[in-house]
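Secondary and tertiary structure notes
Each chain, letter by letter, is given below.
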Amino acid sequence: NAGVMQNPRHLVRRRGQEARLRCSPMKGHSHVYWYRQLPEEGLKFMVYLQKENIIDESGMPKERFSAEFPKEGPSILRIQQVVRGDSAAYFCASSTNVEGASGYTFGSGTRLTVV
Amino acid sequence: GQQLNQSPQSMFIQEGEDVSMNCTSSSIFNTWLWYKQDPGEGPVLLIALYKAGELTSNGRLTAQFGITRKDSFLNISASIPSDVGIYFCQGGGSEKLVFGKGTKLTVNP
């Protein structure tokens, strides 16, 4: 009964490259959330997706960032032309229902370092 | 939008001491959840509360859903070194769930 799987665990990119972060939700969960966390800071909401739909992307930067959750396969958070300020831990979470009333299950995160 | 105020921001305690932290909001929530994040890991759900006034325990942890539905607290009794981490509250209402900014707990042996 695997939990939320994120990969890679660590990702190093040079400025200007693309970063692709993957998240496979927990089995039976159809709601996926992406959060960003800077060192010593809280979780900043980025985007909420269901299969093939973006429900809420109010926390996503307008440029260079995109997210998808296709019918088949993992959810992808894509950052184009990365800059040093994109360095952070990116967490994916999933839940069974729209209000997440049972709580979220988080992955272990992807730590992105832009050099 | 809904916002949560979580306090204290950080705590430094001695092993064996009790800990108390809380979350407050100007909005009413239907659920309150508490998570712990170990260093280098994702948050893990500790306790979920679904009814105003509800008091729930999980081992040395106790959490309560405030009567006004605008606050919740988490207590940890007899702290141990592995309690170190960041504790987040999360409120669930009619909009998306909202996280507090976390309480960073340091336990000195």
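Residues numbered from 1 in each chain as written. Chains lettered and ligands numbered in written order. Predicted model: local features only at pLDDT ≥ 70, side-chain atom pairs only at ≥ 80, totals over all residues. Heavy atoms only, no water.

Residues and elements named next belong to chain A. Pairing between strand β5 (residues 43-50) and strand β6 (residues 53-56): three bridges, direction antiparallel. Bridge pairing links Gln50 to Asn53 in β6. Between β5 and β6, which follow one another and run antiparallel, lie two residues, and Glu52 among them has a positive phi close to 65°. (Pairing = 2+ DSSP bridges. Helix = DSSP H or I, 4+ residues; strand = E, 2+ residues; numbered from the N terminus.)

Scanning the entire structure with this criterion turns up two disulfides over all chains. Covalently, Cys23 of chain A is tied to Cys92 of chain A through a disulfide, its sulfur atoms 1.8 Å apart. Taking the torsion about the sulfur-sulfur bond, which here is approximately -55°, the covalent link between Cys23 of chain A and Cys92 of chain A counts as left-handed. Placement of the pair is Cys23 of chain A in strand β3 (residues 19-24) and Cys92 of chain A in strand β9 (residues 88-95), with a sequence separation of 69 residues. Just as Cys23 of chain A is buried, Cys92 of chain A falls in that class too. Sulfur-sulfur distance for the disulfide between Cys23 of chain B and Cys89 of chain B comes to 1.6 Å. Around the S-S axis, the bridge from Cys23 of chain B to Cys89 of chain B shows a dihedral of about -75° and counts as left-handed. With Cys23 of chain B in strand β3 (residues 19-24) and Cys89 of chain B in strand β9 (residues 85-92), the pair connects residues that are 66 residues apart, well separated along the chain. The two residues Cys23 of chain B and Cys89 of chain B agree in class, both being buried. (Disulfide = S-S within 2.5 Å. Buried < 20%, exposed > 50% of the residue type's maximum accessible area, 1.4 Å probe, protein only.)

A few words on the nonpolar core. Trp34, Met46, Leu77 and Tyr90 of chain A are the most contacted members of the largest nonpolar core, which totals 23 residues. Of all the elements in the fold, those that place two or more residues in this core are β3, β4 (31-37), β5, β7 (65-68), β8 (75-79), β9 and β11 (110-114) of chain A. Excluding its chain neighbours within four sequence positions, the residues that come into contact with Leu77 of chain A are Ala19, Arg20, Leu21, Trp34, Met46, Met60, Ser66, Ala67 and Tyr90 of chain A. Judged by nonpolar contacts, the second largest core, of 21 residues, contains Leu4, Trp32, Leu61 and Leu74 of chain B. (Core = buried A, V, L, I, M, F, W, Y, C linked by side-chain atoms within 4.5 Å. Contact = heavy atoms within 4.5 Å.)

What follows deals with the sheet that holds strand β8 (residues 71-76) of chain B. Residue and element names in this part refer to chain B. One open sheet accounts for five strands, arranged β1-β3-β8-β7-β6; its pairing is antiparallel. Looking at the sheet topology across the chains shown, the edges are occupied by β1 (5-7) and β6 (55-58). Strand-to-strand twist of the sheet, defined as the mean angle between neighbouring strand axes without regard to direction, takes the value 15°. With six bridges connecting them, β3 and β8 associate as antiparallel partners. In the strand pairing of β8, Met21 is matched with Leu74. (Axes fitted to C-alpha atoms, helices over the stretch in contact; angles between N-to-C directions.)

By themselves, these observations are geometric and do not establish any function.
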